[in-house]
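# Notes for the structure review
Residues per chain, in single letters:
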Amino acid sequence: MARTREFDTEAAVSRAMELFWTRGYEATSVRDLTQHLGIGQGSLYAAFGDKDGLYRAALEHYRTTLAAAALRSLEEGADARSAIRTLLTERVRIAVGHDGQGCLVVNAACERLPKDPSIRRIVRDTQDASRDALAEVLRVAAERGEIAARHDPNTLAAFLVTFLNGLLVSSKITPDFQGLKPLVEVALAALD
């Protein structure tokens, strides 16, 4: 008779996400995961297949919770420029936390690509969602005259995502929010 799972898989994925985010994939062992999650190795394998399966689940969790919440914040801004400023500065604020933990998705790209196509898909989906959300905000802002209409919204959104990726990598090198924050204003000048 098969045993029923005795732990909350969603909570386990969330806790694993925190550990992978802090340590990275390679530096996190299965033993680290089982100790951090408070589950046995057999339970981890039964629920997620292996460490890779749990890592993919953690990245998906990040994408559907934290990254999705950041994109929803774009809709709450009074105007496009302030909404984008808030998005960028809040992502940097989070990334410099814990002595420069960075962004889980950008960390995954730096650590696991190009060798892992399943991680590439998750990273690409996350980046595409960011670009698409920004492009829509920029398209509406250009129609309202809030920003210059001389740039293609898709290209400008791709630039902002690329800028943010670089900023998030920089936050790992120099986890200084006050030092990185002025760079956001330089990027926002592209909206003029």
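That block above? That's the structure.
A brief look at the structure comes next.

## Comments concerning the packing of helix 1 (residues 9-23) against helix 4 (residues 51-76)
One can describe the packing of helix 1 onto helix 4 by two numbers: an axis separation of 8 Å at closest approach and a directional angle of 95 degrees. When the axis of helix 1 is compared with that of helix 4, the two are roughly perpendicular. The residues of helix 4 that touch helix 1, namely those facing Val 13, Ser 14, Ala 16, Met 17, Phe 20 and Trp 21, are Lys 51, Leu 54, Tyr 55, Ala 57, Ala 58, His 61, Tyr 62 and Leu 66.

## Structural notes on helix 5 (residues 80-100)
The end-to-end C-alpha distance of helix 5, which contains 21 residues, comes to 28 Å, matching closely the 30 Å that a straight helix rising 1.5 Å per residue would cover. Listed as buried for helix 5 are Ala 80, Ala 83, Ile 84, Leu 87, Leu 88, Thr 89, Arg 91, Val 92, Ala 95, Val 96 and Gly 100. Against helix 4, helix 7 (117-144), helix 8 (153-173) and helix 9 (177-188) lie the buried residues of helix 5. Put simply, Asp 79 is the residue that caps the front of helix 5, since its side-chain oxygen is 3.1 Å from the backbone nitrogen of Arg 81. Positioned one or two residues after helix 5, Gly 102 has a phi angle of 75 degrees, which is positive.

## Notes on the side chain of Ser 130
As for its position among the elements, Ser 130 is in helix 7. A residue is classified by how much of its surface remains accessible, and Ser 130, at 18% relative accessible area, is buried. Not counting the four nearest positions on each side in its chain, Ser 130 is found in contact with Leu 71 and Val 161.

## Section: the state of the cysteines
Applying the stated rule across the entire model yields 0 disulfides. Free of any disulfide, Cys 103 has its nearest neighbouring cysteine sulfur in Cys 110, separated by 9.5 Å. Overall, Cys 103 belongs to the buried group, its relative accessible area being 8%.

## Focus: the packing of aromatic side chains
A complete count under the given rule lists 5 aromatic pairs for this structure. When the centroid spacing of 4.8 Å and the interplanar angle of 75 degrees are considered together, the rings of Phe 20 and Tyr 55 count as edge-to-face. Here the residue Phe 20 occupies a position in helix 1, and Tyr 55 occupies one in helix 4, the gap between them amounting to 35 residues. Pair check on accessibility: Phe 20 and Tyr 55 agree, each one buried. One aromatic cluster is present, formed by Phe 20, Tyr 25 and Tyr 55 through successive ring pairs. One cation-aromatic arrangement involves Lys 51 over Tyr 25; the distance from NZ or CZ to the ring centre is 4.1 Å. The positively charged end of Arg 112 is found above the aromatic ring belonging to Tyr 25, 3.9 Å away from the centroid.

## A word on helix 7
Relative to the 40 Å expected for 28 residues at 1.5 Å per residue, helix 7 spans 40 Å between its end C-alpha atoms, a close match to the ideal helical length. Burial in helix 7 covers these residues: Ile 119, Ile 122, Val 123, Thr 126, Gln 127, Ser 130, Leu 134, Ala 135, Val 137, Leu 138 and Ala 141. Where the residues of helix 7 are buried, they touch helix 4, helix 5, helix 6 (104-112) and helix 8. Backbone geometry just downstream of helix 7 places Gly 145 in the positive-phi region, at approximately 80 degrees.

## Some details on the nonpolar core
Membership of the largest hydrophobic core comes to 60 residues, with the highest contact counts inside it found for Phe 20, Leu 54 and Ile 84. Broken down by element, this core gets its largest block of residues, 9 residues, from helix 4.

What counts as what
Residues numbered from 1 in each chain as written. Predicted model: local features only at pLDDT ≥ 70, side-chain atom pairs only at ≥ 80, totals over all residues. Heavy atoms only, no water. Axes fitted to C-alpha atoms, helices over the stretch in contact; angles between N-to-C directions. Helix = DSSP H or I, 4+ residues; strand = E, 2+ residues; numbered from the N terminus. Parallel < 35°, antiparallel > 145°, perpendicular 65-115°, else oblique. Contact = heavy atoms within 4.5 Å. Expected span 1.5 Å × (residues − 1). Buried < 20%, exposed > 50% of the residue type's maximum accessible area, 1.4 Å probe, protein only. Polar contact = N/O pair within 3.5 Å; in protein donor to acceptor, adjacent residues only side chain to side chain. Disulfide = S-S within 2.5 Å. Phe/Tyr/Trp six-rings, centres within 6.5 Å; stacked < 30°, edge-to-face > 60°. Lys NZ or Arg CZ within 6 Å of the ring centre and 35° of its normal. Core = buried A, V, L, I, M, F, W, Y, C linked by side-chain atoms within 4.5 Å.

Any functional reading would require information that these geometric values do not contain.
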